[in-house]
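Descriptive analysis of the structure
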Amino acid sequence: MTTITNAISSRWSSRLSFILASTAAAVGLGNIWKFPYITGENGGGAFVLVYLVCILLIGIPVMIAEVVIGRRGRHSPGHAARVVAKESGRSSWWQSAGWLGMLTGFLVLSFYTVIAGWALAYVFEAGAGTFSGASTAAINDTFMALTGDAKALTFWQTLIVGGTVLVVGNGVKNGLERSVRFLLPAMIALLMVVAVYAGVTGDFQAAVNFMFAPDFSRLTVNGVMIALGHAFFTLGLASGVVIMYGAYLPKSTSVVQTTLWIAIADTFVALLAGLAIFPIVFGSNLIPGAGPGLIFQTLPVAFSTMPAGILIGTTFFVMLVIAAFTSAIAMIESAVAFLSEQLKIGRWPATLIAGTVLWLFGQLTVYSFSGSSWAQLDWVIFGKPIASIFEFIDYLTSSLLLPLGGLLLAVFVGWVMQSRYSQDELDTKPAVFRLWLFCVRWLAPIAITLIFLQLVGVITL
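Conventions we followed
- Numbers given for residues are sequential positions, taken from 1 along each chain in its written order.
- For a predicted model such as this one, the threshold for reporting local features is a pLDDT of at least 70, and the threshold for listing and counting side-chain atom pairs is 80 or more; totals across whole chains, interfaces and linings nevertheless cover every residue.
- Each side-chain value is derived from all of the structure's non-hydrogen atoms; neither hydrogens nor water enter the calculation.
- A run of H or I in DSSP becomes a helix once it reaches four residues, and a run of E becomes a strand once it reaches two; helices and strands are each numbered from the N terminus.
- Two things to know: the radius of gyration comes from C-alpha atoms, and the globule rule equals 2.2 Å times the number of residues to the power 0.38.
- Burial classification: accessible surface area is computed with a 1.4 Å probe over protein chains only, and a residue below 20% of its type maximum counts as buried, one above 50% as exposed, and the rest as partly exposed.
- Note on contacts: a residue pair qualifies if any of its non-hydrogen atoms lie within 4.5 Å across the two residues.
- Accessible surface area values rest on a Shrake-Rupley calculation with a 1.4 Å probe, where residue burial reflects the displayed protein chains alone.
- In this tally, Lys and Arg are treated as positive and Asp and Glu as negative; His is ignored, and so are the chain termini.
- Lysine's charge is taken at NZ, arginine's at CZ, aspartate's at CG and glutamate's at CD.
- What makes a patch is a set of residues exposed beyond 30% relative accessible area and free of salt bridges, joined within 9 Å when like-charged and within 5 Å when nonpolar (Val, Leu, Ile, Met, Phe, Trp, Tyr).
- A pair is scored as a salt bridge if a Lys or Arg side-chain nitrogen falls within 4 Å of a carboxyl oxygen belonging to Asp or Glu.
- Confidence per residue, as judged by the predictor, is encoded in pLDDT with a range of 0 to 100.
- In this scheme Phe, Tyr and Trp rings, the latter by its six-membered ring, pair at centre separations within 6.5 Å, and the angle between planes marks the pair as stacked below 30 degrees, edge-to-face above 60, and tilted otherwise.
- Only buried residues count toward a nonpolar core. Its members are Ala, Val, Leu, Ile, Met, Phe, Trp, Tyr and Cys residues joined through side-chain atoms within 4.5 Å.
- The convention used is that axes are lines fitted to C-alpha atoms, helices contributing only their stretch in contact, and that angles between N-to-C directions extend from 0 to 180 degrees.
- Geometric relationships in this document are graded by angle, where less than 35 degrees denotes roughly parallel, more than 145 denotes roughly antiparallel, 65 to 115 denotes roughly perpendicular, and other angles denote oblique.
- The crossing is said to be left-handed when, going from far helix to near helix, the turn is anticlockwise and less than a right angle, and right-handed when the turn is clockwise.
- Here the nonpolar group is Ala, Val, Leu, Ile, Met, Phe, Trp, Tyr, Cys and Pro; Asp, Glu, Lys and Arg are the charged ones; every other residue, Gly included, is treated as polar.
- Two strands qualify as a pair provided that DSSP identifies no fewer than 2 bridges between them.

1. A closer look at the overall build of the protein
- A count of helices and strands for the protein gives 19 helices and two strands.
- The C-alpha radius of gyration computed for the protein amounts to 21 Å, which stays within 12% of the reference 23 Å derived for 461 residues, consistent with globular compactness.
- Out of the 461 residues in the protein, the part that is buried amounts to 61%.
- Taking the intrachain contacts of the protein between residues at least 6 apart in sequence as the baseline, contacts between residues at least 24 apart amount to 80%.
- Summed over all atoms, the accessible surface of the protein reaches about 17,000 Å², with 67% contributed by carbon and sulfur.
- The average position of the 22 basic charges and that of the 18 acidic charges among the side chains of the protein differ by 15 Å.

Structural data, given as structure tokens:
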């Protein structure tokens, strides 16, 4: 059997380290960039309530399942799934579920680093006072100038990828663990500063009513599906991250308890991000459902007129960069472990190879945004127009590979892996185990299948 150097020998030094690392991996652009704008697009409080229910009944059970695979297999995602399958007397074909997750995470990371580069560029734009007193048109022009400049996008993307390589190359304890022990608390502290400021200077009451006063008349069936999908994706599931981090988890650590803490922390940050953004939006009479441009185009309009707008704007984008960076170092880790075990090389060579390939894939997104003709497409997939390579990668991962990978992993742990092995890993009360197994066997597969069929346009609910 192929061996792996780092995944077998390395362990998190404590349960707290695993919680911090996994929370840092889960807390990213999905929480701070995507969650607020999809909440705004889908009616606020009712959407948030459905999202929380989905986290509890689907997100947490699937996350526990992935940790079980990782800790039981002690390898990178594909090999871990193969070890578990063979132990249960099943076909090694099931390793494809692990490989699919690793590939998906790497593809997501290829455009994730580019968007993280936008945030890094905006740290300097905000700090230089570019948004101070600027008109909406001028702020939009700043965003279009950045995304249309391939050289600028490449520069910022290179900084993000380079920083990722430096951290991951130093190993689990000296790289991943040491960085998140500082970066995650710093990110949460900065987010809280922005939230307090937003609550004092913005319309805090309107934000609270919007987020926590459910109005189900504003919630559509499509909104429910989006909440279900985001609850699944926000925890970093089916991307190789959770399985890989689970491989470093000591046997003595409770999988159920630690996973619950991670989900609570991730959800807390998502809600805190809403409370940091929506008071500013409502206080400035902006539109909460402004879409993906909410962070990079709508908020800078508010920062341009707010007291201490330069300081708060800079703080906000520093926090956004940290959130993106901690997710980036997590998503590349399984690729590094894979290269180490396949090529039998050390961590640094594996990290440099993974970083180089990641940078090259990121260029597809860079040139998609900058308008290069070779990166533009004229495709229609399941009725959805695809205009660029970036849109294709985004659609491929979010609408096809992530749901498919999540479905395979839930079926694998719920039906293929022998229950006595998963029960041994969880080591919890029989009632808790039965509840978890029911969610993994039935609720998660059905819900993920509905997401998948809705996303590809097979069903319209």
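2. Notes on a nonpolar patch on the surface
- The grouping of Leu49, Val53, Leu56, Leu57, Phe216, Trp415, Phe438, Trp442, Leu443, Ile446 and Leu450 at the surface amounts to a nonpolar patch, some 1,000 Å² of accessible area in total.
- Only helix 4 (45–73) and helix 19 (430–455) provide two or more residues apiece to the nonpolar patch.
- The biggest single contributor to the nonpolar patch is helix 19, with five residues.
- Assessed through its relative accessible area of 49%, Phe216 is described here as partly exposed.

3. Examining the confidence of the model for the protein
- Summary statistics for the protein give a mean pLDDT of 91 and a share of 97% for residues scoring 70 or more.
- Counted against residues more than four places away or in other chains, residues 1–7, with its pLDDT under 50, gives 23 contacts.

4. A closer look at the packing of aromatic side chains
- One pass over the full model with this rule turns up 29 aromatic pairs.
- With centroids separated by 5.3 Å and ring planes inclined at 85°, the aromatic side chains of Trp415 and Trp442 adopt a geometry described as edge-to-face. With a gap of 27 residues between them, Trp415 in helix 17 (residues 389–416) and Trp442 in helix 19 connect regions that are remote in the sequence.
- For Trp415, a relative accessible area of 39% translates into the label partly exposed.
- On the basis of relative accessibility, which here comes to 44%, the residue Trp442 falls in the partly exposed class.
- Site record: aromatic cluster; members linked through ring pairs are Phe111, Trp118, Tyr122, Phe131, Phe143, Phe296, Phe303, Phe316, Phe317, Phe369 and Phe390.

5. Quick word on the pattern of salt bridges
- Counted according to the given criterion, the structure contains eight salt bridges.
- The residue Glu425 makes a salt bridge to Arg72 at a minimum N-O spacing of 3.0 Å. Here Glu425 is found in helix 18 (residues 419–426), whereas its partner Arg72 is found in helix 4, with 353 residues between them in sequence. Residue Glu425 shares its accessibility class with Arg72, and that shared class is buried.

6. Description of the nonpolar core
- Judged by nonpolar contacts, the single largest core of 174 residues is most densely connected at Met187, Phe296, Phe316 and Phe317.
- Here the element with the most residues in this core is helix 15 (residues 309–343); it accounts for 19 residues.
- Beyond its immediate sequence surroundings of up to four residues, Phe296 is in contact with Trp33, Ile115, Trp118, Ala119, Tyr122, Ile139, Phe143, Phe317 and Leu320.

7. Side note on the packing of helix 2 (residues 15–26) against helix 9 (residues 172–201)
- Following both chains from N to C, one finds helix 2 and helix 9 inclined at 70°, their axes separated by 9 Å at the closest point. Judged by the angle between their axes, helix 2 and helix 9 are roughly perpendicular. Crossing handedness for the pair helix 2 and helix 9: left-handed. Contacts between helix 2 and helix 9 involve Leu16, Ser17, Leu20, Ala21, Thr23 and Ala24 on the former and, on the latter, Glu177, Val180, Arg181 and Leu184.
- For the contact of helix 2 with helix 9, the residue count by class is six nonpolar, two polar and two charged.

8. Quick look at unusual backbone geometry
- Phi angles above zero are rare outside glycine, and Ala238 is one such case at about 60°.
- Taking the relative accessible area as the measure of exposure, Ala238 reaches 0% and is therefore buried.
- The phi dihedral of Phe382 is positive, around 50°, even though this residue is not glycine.
- Mapped onto the secondary structure, Phe382 falls in the loop between strand 1 (376–381) and strand 2 (384–388).

9. A closer look at the environment of Phe212
- For Phe212, the position within the fold is in helix 10 (residues 204–212).
- Owing to a relative accessible area of 39%, Phe212 belongs among the partly exposed residues under this scheme.
- In the structure, Phe212 is positioned 215 residues away from Asp427 in sequence and 36 Å away in space, judged by C-alpha atoms.
- Those residues within four positions of Phe212 in sequence are excluded, and the remaining contacts are Gly45, Leu271 and Leu275.

10. Description of the pairing of strand 1
- Sheet topology note: the strand 1/strand 2 ladder contains four bridges and is antiparallel. If you follow Gln376 over to strand 2, its bridge partner there is Ser388.
- Taking the residues that link successive antiparallel strands as the turn, the strand 1-strand 2 hairpin has two residues, and the phi of Phe382 there is positive, at about 50°.

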